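Structural overview
Listed below are the residues making up each chain.
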Amino acid sequence: MRQKESIESIATVLFRAEKEAFEVDKFVDLYPELDADMAYRIQERLIALKCKAEAAKVTGWKLGLTSQAKQQMMGVHEPVYGVLLDSMRLSEGNPVTLAPFIHPKIEPEIAFVFHRELKGPGVSVPEVLAATACVMPALEIIDSRYRNFSFTLADVIADNASSSRYLLGEVHVKPDEIDMRLSGMVFQKNGKVIATSTGASVMGHPARAIAWMANKLAESGQSIRPGEIVLSGALCEATSIAAGDTVTVSIDGMGSVTVVFTN
Ligand code: 0L1
Ligand code: MG
């Protein structure tokens, strides 16, 4: 009973923090029982609140903490997942106001779109690729609701893996047309290259992150459904954004996607 009440109150605070753009302190100190399993239940409740308030629909999933560096920093050996809603998707070409955000950062990713259900357990990289309709470059805006992006694993899961908004590129590539591990990525801010990497920086292959997620989702009876979009994890560290910034990700063989920020 106490856990149900804790889930409801944490989800409600995180929902309000995003809507009203204020920071909160991490919850683990107040709720010692908060672990990863409970955090995924909070995330489900938070998503239900957002869907109701925004008349939004679930359109896919995102992975976070896919790089070794981030996992080591958090002292964990697994990524995390969050949920994407149609209300989080932005279109390339429209300037994005920073008004709704707390302390946004942006990161480049490879997005997958699925034409077949992926249901664990036992999902492998070849199965992910066989179920993939196409891949494309993506920019994810993350905006943790926690003060100074300071959180534990359970806190960040509850906060829907810091998700906020995302944009997709327009060139859609079939997964058998490229070797994503070797796809070179250039990340630019205001015309300057701020990072480079390849698809292999996401757990050796972005599809490996998605296989992990399909298998993890199976633990709660969920799956990746046909038509869903999945952001497979950051290709380099996220960078902060300010009004006037222009950010572009270009990925070899997949084209690019650009976003401009305003006040
Ligand atoms: O999409 C991400 O990689 C974010 C995962 C959560 C951790 C963070 O906010 O840095
Ligand atoms: Mg991300």
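It should be noted that the structure appears before, not after, this text.
Residues numbered from 1 in each chain as written. Chains lettered and ligands numbered in written order. Predicted model: local features only at pLDDT ≥ 70, side-chain atom pairs only at ≥ 80, totals over all residues. Heavy atoms only, no water.

For helix H6 (residues 206-218), built from 13 residues, the straight-helix expectation of 18 Å at 1.5 Å per residue is met to within 8% by its first-to-last C-alpha distance of 19 Å. Judged by how many residues are buried, H6 sits mostly within the fold: ten of 13 residues are covered. Where H6 is buried, its residues meet helix H2 (36-54), strand E1 (58-64), strand E2 (80-85), strand E4 (105-114), helix H4 (125-131) and strand E9 (229-234). (Helix = DSSP H or I, 4+ residues; strand = E, 2+ residues; numbered from the N terminus. Expected span 1.5 Å × (residues − 1). Buried < 20%, exposed > 50% of the residue type's maximum accessible area, 1.4 Å probe, protein only. Contact = heavy atoms within 4.5 Å.)

For the magnesium ion (ligand 2), the full set of protein donor atoms is Glu107 (OE), Glu109 (OE) and Glu140 (OE), and the range of their distances to it is 1.9 to 2.0 Å. Coordination of the magnesium ion (ligand 2) draws on donor residues from a single chain, spaced E-x1-E-x30-E in sequence. Taken together, the positions of Glu109 in strand E4 and Glu140 in strand E5 (residues 132-142) put the pair 31 residues apart, joining distant regions of the chain. Among the residues examined, Glu109 registers a relative accessible area of 0% and is labelled buried. (Donors = N, O, S within 2.8 Å, 3.2 Å for Na, K, Ca; no water.)

Close to ligand 1 lie 13 residues; Lys62, Lys70, Glu107, Glu140 and Ser162 are nearest. One of the side-chain nitrogen or oxygen atoms of Lys70 is found 2.8 Å away from an oxygen atom of ligand 1. Between ligand 1 and the protein, one listed contact pairs an oxygen atom with a side-chain N or O atom of Glu140 at 3.0 Å. The fraction of the free accessible surface of ligand 1 (300 Å²) that becomes covered by protein chains is 95%. Elements with a contribution of two residues or more to the shell around ligand 1: E1 and E5. Tallied by class, residues from the shell around ligand 1 come to seven nonpolar, two polar and four charged. (Near = heavy atom within 4 Å. Polar contact = N/O pair within 3.5 Å; in protein donor to acceptor, adjacent residues only side chain to side chain. Areas by Shrake-Rupley, 256 points an atom, 1.4 Å probe, with all protein chains shown as cover. Nonpolar A, V, L, I, M, F, W, Y, C, P; charged D, E, K, R; others polar.)

Purely geometric stuff here, so don't read any function into it on its own.
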